[in-house]
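Coordinate analysis (summary)
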Amino acid sequence: TPLGALPAGTPNLVTPDGLARLDAKVKALVEAGDTAAANALATRLERAQVVTPDPDPGDLRVRFGDRVEVLVTALRDGAEQTRRFRIVGVDEVDLRDSLHDSGAHEPLSWLAPLAKGLLGAEPGDVFATTLGRDAVEVELVALLPPLSA
């Protein structure tokens, strides 16, 4: 899979568990004989900046790596949907594993418009943004507990 776009000068942030899963992906690509993809990902990971969560129980602002629950309202028709996301690095978005496939959360690039609105938000905050091609209003319902390792 091609790597996600990373604008010039933008740091390549990753979560600690994301880096471990990406390293495993490099090994799997090598074993599968896809050396070009393995080399591209390995080169990209050399510039990765691991962001380790620094939990502060008194700080309810959303940070990189956090899991959140949001209420998304489509501005087009008012349809509401509750969704769960984890804000991750660009290279982590396409990783598929039991955590993502179980519905625990959807990976969301920290560079996505929705993530940009969520970063720094607190429960109860409401903002307008886009989700895919849709204009939406988003309410941060809750910060979810971190995933168990």
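Keep in mind the model is a prediction, meaning the values are calculated, not measured. Along each chain, the written sequence defines residue order, and numbers are assigned to residues from 1. The predicted nature of this model means local features are confined to residues of pLDDT at least 70 and side-chain atom pairs, given and counted, to a pLDDT of 80 or more, with totals for whole chains, interfaces and linings taken over all residues. Note that the side-chain values use all heavy atoms of the structure and ignore hydrogens as well as water.

With respect to the side chain of Ser109
- Each helix corresponds to a stretch of at least 4 residues labelled H or I by DSSP, and each strand to a stretch of at least 2 residues labelled E; elements are numbered beginning at the N terminus. Tracing the sequence through the fold places Ser109 in strand S5 (residues 106-109).
- We call a residue buried when its accessible area falls under 20% of the maximum for its residue type, exposed when it is over 50%, and partly exposed in between, using a 1.4 Å probe and counting protein chains only. Classification of Ser109 by relative accessible area gives buried; the value is 15%.
- Throughout, a residue-residue contact means that at least one pair of heavy atoms, one from each residue, lies within 4.5 Å. Excluding residues that lie within four positions of it along the chain, Ser109 makes contacts with Val88, Val90, Val93 and Ala115.

Comments concerning the side chain of Thr15
- Of note, Thr15 is situated in the loop between strand S1 (12-14) and helix H1 (16-31).
- Take Thr15: its relative accessible area is 1%, and that puts it in the buried class.
- Only 2.6 Å separates the side chain of Thr15 from the side chain of Glu92, close enough to count as a polar contact.
- Sequence-distant contacts of Thr15, defined by excluding residues within four places in its chain, comprise Val50, Val51, Phe64, Gly65, Arg86, Ile87, Val88 and Glu92. Distance and chemistry together define a polar contact, namely a pair of N or O atoms within 3.5 Å, with one atom able to donate a hydrogen and the other to accept it when in protein, and with adjacent residues in sequence counting only for side-chain atoms on both sides.

Some words on the nonpolar core
- Residues Val68, Val70, Ile87, Leu108, Leu114, Leu118 and Leu140 are the most contacted members of the largest nonpolar core, which totals 22 residues.
- Within the residue set of this core, elements represented by two or more residues are strand S3 (67-74), strand S4 (80-88), helix H4 (113-118), strand S6 (126-131) and strand S7 (134-144).
- Not counting residues up to four positions away in its chain, the partners in contact with Ile87 are Thr15, Val62, Phe64, Gly65, Asp66, Leu108, Trp110, Ala115, Leu118 and Leu119.
- For this analysis, a nonpolar core means a set of buried residues of the types Ala, Val, Leu, Ile, Met, Phe, Trp, Tyr and Cys, connected via side-chain atoms within 4.5 Å. Grouped together as the second largest cluster of nonpolar side chains are nine residues, Val14, Val26, Leu41 and Leu95 included.

Digging into the pairing of S4
- Relative to S4, S3 is paired through seven bridges, and the arrangement is antiparallel. Bridging across to S4, Val72 finds its partner in Gln81.
- By the convention used here, strands pair only if DSSP detects at least 2 bridges between them. The turn joining S3 and S4, which pair antiparallel and follow one another in sequence, is formed by five residues; a positive phi near 80° is taken by Gly78.
- In this structure, S4 lies alongside S5, joined through four bridges in parallel fashion. Note that in S5 the partner of Ile87 across the bridge is Leu108.

Brief notes about the packing of H1 against helix H2 (residues 35-46)
- In this analysis, axes come from line fits to C-alpha atoms, helices being fitted only over the stretch in contact, and the angle between any two N-to-C directions falls in the range 0 to 180 degrees. At a closest axis distance of 8 Å, the pairing of H1 and H2 adopts a crossing angle of 155°. Here H2 runs roughly antiparallel to H1, going by the angle between their axes. Seen along the crossing, H1 lies across H2 with a hand that is left-handed. Touching Leu19, Leu22, Asp23, Lys25, Val26, Leu29 and Val30 of H1 are Ala37, Ala38, Leu41, Ala42 and Leu45, all from H2.
- Grouping the amino acids of the contact of H1 with H2 by side-chain chemistry returns 10 nonpolar, no polar and two charged. Throughout this description, any angle smaller than 35 degrees is read as roughly parallel, any larger than 145 degrees as roughly antiparallel, any in the 65 to 115 degree range as roughly perpendicular, and the remainder as oblique. Here is the rule for handedness: rotate from the far helix to the near one, and if that takes an anticlockwise turn smaller than a right angle the crossing is left-handed, while a clockwise turn gives right-handed. Lys, Arg, Asp and Glu make up the charged group, whereas Ala, Val, Leu, Ile, Met, Phe, Trp, Tyr, Cys and Pro make up the nonpolar group; the residues left over, Gly among them, are polar.

Some thoughts on the sheet that holds S7
- One open sheet holds the five strands; their spatial order is S5-S4-S3-S7-S6, and the pairing between them is mixed. Of all strands in the sheet, those with a lone pairing partner are S5 and S6, marking the two edges. For this sheet the average axis-to-axis angle between neighbouring strands, irrespective of direction, equals 50°.

A few points about the pairing of S3
- Among the eight residues that make up S3, seven are buried, leaving the element largely enclosed by the rest of the structure.
- As defined by bridge partners, S3 adjoins S7 across eight bridges and the pair is classed as antiparallel. Note on S7: the bridge partner recorded for Ala74 is Val136.

Everything listed here is a matter of coordinates, which is why it stays silent on function.
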